[in-house]
Amino acid sequence: MIELFVPGRLCLFGEHTDWAGHYRTMNADIYPGAAIVTGIEQGIYAEVERAAVFEMTSDAPEISEIWNDFSCRMNDSDLKRVAKSGSFFCYCAGVASYMLEWYKVGGVKIRIKKMTLPMKSGLSSSAAICVLVARAFNLLYNLKLNTMGEMNIAYLGELRTASRCGRLDQACAFGVKPNLMAFDGDEIEVHSLKVKKSLHWVFADLCAEKDTIKILADLNKSYPFAQSAGDRMLHRALGEQNQDIVKRAVRYMADGEVEALGELMTEAEELFDRQIVPMSTALSSPKLHRFLSDPMIRPLVYGGKGVGSHGDGSVQFLARNAECQTWLVDYLNSHGLIAYSFTIQPVHTVRRAIIPVAGFGTRLYPATRVLKKDFFPIPCADGFVRPVILILLEELVESGIEEICIVLGSEDERRQYAEFFESPLTDEHVRKLSPHCREYTNRILDIGKRLTYVYQYEKRGFGHAVYQAVEFTRNEPVLLLLGDTLYRSYGNKTCTLQLIEEYERCNKLMVSIHSIPAADVSRYGILSGVWEDKERSVLQVSMIKEKPKLSYAEEYLGVPDECGKNCFYSVFGQYILTPDVFEQLADDIRMADNTGEHEREIELTSALEAVRKRSGMIGLRIDGEMFDMGNPEAMRNAVLNFSK
């Protein structure tokens, strides 16, 4: 049994440009489409499991008046017949028929537990249920489809019905975050957007009439070749003028220019009214414009516009703050609309890091009797010989990290850090240093000011060590580095900065990964999943297995490269942990204590896997290499090769 949530989607900018951009397959002079689309907090909650048939049931009170439980054989003709029926289940059957035809899967049972997403209001409830079905088949039958694959199947499945959905409708597959979608003929690209400040959105079903089929039919008459002045005006509005608006919207969101973003919404609506509305009588929208110009609303918002295909379907506003957002929802509801609030939260830039060094370093004994392995000297390319910990700290500082928590095993270990990072050299010692080295001593002391220390008094595993820094995280995402691993980037960005920048796009639990030889899989934790991008650098992780046998890895854990050959990926040694990882570690520690297993090791891997199952995990293939320092052979390699 798997629990799923699929949100509805709200098109913020660029409606209609998905199908317009598709016409580039016939007319290369048409501009590519571009839209900013976000998942919303309202959606479909369901439980899914394998079954002999395709079955859907619902306990959701929100749709009890229109719902009838449904069951159909996993038979191509039966599913296609239901898909063409126009019934409530037709969308789901369309996706199921596609899955059966192309993947030869068995059945699925889907039980809808809750439905908070309004239907027929421009928020793509049909697309959400199609994505739900595609994702259920994908996960239950381990089809290894990435998010784009699920989105495409949801779209193709809905096309098997009487619906004529747009390509941006299925953007709900990418979750509750804003994305930039580009439509160039048959090609679609999706990129997560950065948001610097909270955006307090309000959208509402106008509870009026609109004819989406007629709107699309009328607008499509102007494509693929413009024949009249009106056609050319429509092409410009959905082409170069839309590209300009979307580019500015992306910049305003990234820079936190909220007021400018709201004004851009009003500008986009004026463009729509001026150049698109004249092409279809069905785009008349008196109710939409009554609320857009309402004098009671204007002081509360920075701007507003229509939603989706427009007409009198739905309206959206960017409220000035959370208080205005709440007031506006109440006001719209009191005037017969069905209003919802949705806040796009900024992604926390990672500014804190944790480095656990509480272990005894027994594999490097007897040197670790007198010197912690984090202080072992390593020759570097610039001629300096640095301790391991200093190399790590310099990488963090270069990557923009401001505060660093060192997890030590005892107060005795703290003295070594104090001597190195807090104690100035004697005057005699300083005089013997070169000017460059004297300057460097100040840099070491500056790094020391960024350090915080916590202690793992009980050796209860790596996860337990990480959890000692829970208060340091302040309930924000935090970077985690292994204390016995060095990193070297192949490019201008540090390995750490590569991970941070990808987190700012994905806003999800992340782990850095690198490929390893098949012969070594039994020595590492191995991650499997599907690539989310063409470059094969972003992996949607579907499984983590600690030190598997090679036979198991070959059957279940391989990730195909561009030639279809299976590769194996292990943790590169850097993570970005979200607050729910620390909540899971707390639960694991509490459970061990309650059952009297006070010496049981608390592993980070098991906590990561639990969070991955609930919220997902991204693996980023780092453009760089790592040097393990945890054993004599690895240390010898680091000493010989790190400086090259």
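Above: the structure in question.
The rules behind these values
Residues numbered from 1 in each chain as written. Predicted model: local features only at pLDDT ≥ 70, side-chain atom pairs only at ≥ 80, totals over all residues. Heavy atoms only, no water. Core = buried A, V, L, I, M, F, W, Y, C linked by side-chain atoms within 4.5 Å. Buried < 20%, exposed > 50% of the residue type's maximum accessible area, 1.4 Å probe, protein only. Helix = DSSP H or I, 4+ residues; strand = E, 2+ residues; numbered from the N terminus. Contact = heavy atoms within 4.5 Å. Pairing = 2+ DSSP bridges. Axes fitted to C-alpha atoms, helices over the stretch in contact; angles between N-to-C directions. Parallel < 35°, antiparallel > 145°, perpendicular 65-115°, else oblique. Left-handed = near helix turned anticlockwise from the far one by under 90°. Nonpolar A, V, L, I, M, F, W, Y, C, P; charged D, E, K, R; others polar. Phe/Tyr/Trp six-rings, centres within 6.5 Å; stacked < 30°, edge-to-face > 60°. Lys NZ or Arg CZ within 6 Å of the ring centre and 35° of its normal.

Novice: Any chance you could explain the nonpolar core here in plain terms?
Specialist: The nonpolar side chains of a soluble globular protein tend to be buried, and buried together. Membership of the largest hydrophobic core comes to 104 residues, with the highest contact counts inside it found for F13, F54, I110, F137 and W201. It is helix 4 (residues 125–140) that contributes the most residues to this core, 11 residues altogether. What F137 contacts, discounting residues up to four positions off in sequence, is F54, M74, A96, M99, V105, G106, G107, V108, N142 and L143. Listed in part, the 51 residues of the second largest apolar core include L364, I391, I576 and F642.

Novice: I'm lost on the sheet that holds strand 10 (residues 314–319) in this one. Help?
Specialist: Strands in a sheet are paired, the pairing made by backbone hydrogen bonds, and the direction either parallel or antiparallel. Taken in spatial order, the four strands line up as 9-10-8-11 in an open sheet, and their pairing is antiparallel. One side of each edge strand has no neighbouring strand; the edge strands of this open sheet are strand 9 (301–306) and strand 11 (338–344). Taking each pair of neighbouring strands and ignoring which way they run, the sheet shows an average axis angle of 20°. Strands strand 8 (199–205), strand 9 and strand 10 of the sheet are contacted by helix 9 (residues 258–275), whose axis makes an angle of about 30° with strand 9.

Novice: Before we go on, may I ask you to explain the packing of helix 3 (residues 90–103) against helix 5 (residues 147–159) in this structure?
Specialist: At their nearest, the axes of helix 3 and helix 5 sit 7 Å apart, and the two run at 115° to each other. The angle between helix 3 and helix 5 falls in the class roughly perpendicular. Relative to helix 5, the crossing made by helix 3 is right-handed. Judged by residue contacts, Y91, G94, V95, Y98, M99 and Y103 of helix 3 engage I153, A154, L156, G157 and E158 from helix 5. Split into classes, the residues belonging to the contact of helix 3 with helix 5 amount to eight nonpolar, two polar and one charged.

Novice: It is not clear to me how the environment of Y23 should be interpreted in this structure. Could you clarify?
Specialist: With respect to the helices, strands and loops of the structure, Y23 is situated in the loop between helix 1 (17–22) and strand 2 (33–51). Residue Y23 is classed as buried on the basis of its relative accessible area, which comes to 15%. Distance from Y23 to P224, taken between C-alpha atoms, is 5.7 Å for residues 201 residues apart in sequence. When sequence neighbours within four positions are dropped, the list of residues in contact with Y23 reads I30, N220, Y223 and P224.

Novice: Hey, could you run me through unusual backbone geometry in this one?
Specialist: For the bond from Y223 to P224, the omega torsion is 5°, close enough to zero to count as cis. Along the chain, P224 falls in the loop between helix 6 (212–220) and helix 7 (229–238). Of note, the bond from Y365 into P366 is cis; its omega dihedral lies within 30 degrees of zero at 10°. Among the structural elements, P366 can be located in the loop between strand 12 (352–356) and strand 13 (377–379). A positive phi is found at H16, a non-glycine position, where the angle reads about 75°. Here H16 shows up in the loop between strand 1 (2–13) and helix 1. The class of H16 is buried, set by a relative accessible area of 5%.

Novice: What exactly am I supposed to notice about the packing of aromatic side chains here?
Specialist: To describe a pair of aromatic rings, you give the distance between the ring centres and the angle between the ring planes. Taken as a whole and assessed by the stated rule, the structure comprises 21 aromatic pairs. On the numbers, 6.3 Å between centres and 75° between planes, the contact of F54 with F70 is edge-to-face. Of this pair, F54 sits in strand 3 (residues 54–58) while F70 is found in strand 4 (residues 70–72), placing the two residues 16 residues apart along the sequence. Pair check on accessibility: F54 and F70 agree, each one buried. Taking 5.4 Å as the distance between ring centres and 90° as the angle between the ring planes, the aromatic pair formed by W531 and Y569 counts as edge-to-face. Remark: Y569 occurs in strand 23 (residues 566–577) and W531 occurs in strand 20 (residues 525–531); sequence separation between them is 38 residues. Judged by its relative accessible area of 10%, W531 is buried. Looking at Y569, the relative accessible area reads 3%, which means it is buried. Here the guanidinium or amino end of K114 rests over the ring plane of Y45, the centre of that ring lying 4.6 Å away. Here R167 stacks its cationic end above the ring of Y155, 3.9 Å away from the centre of that ring.

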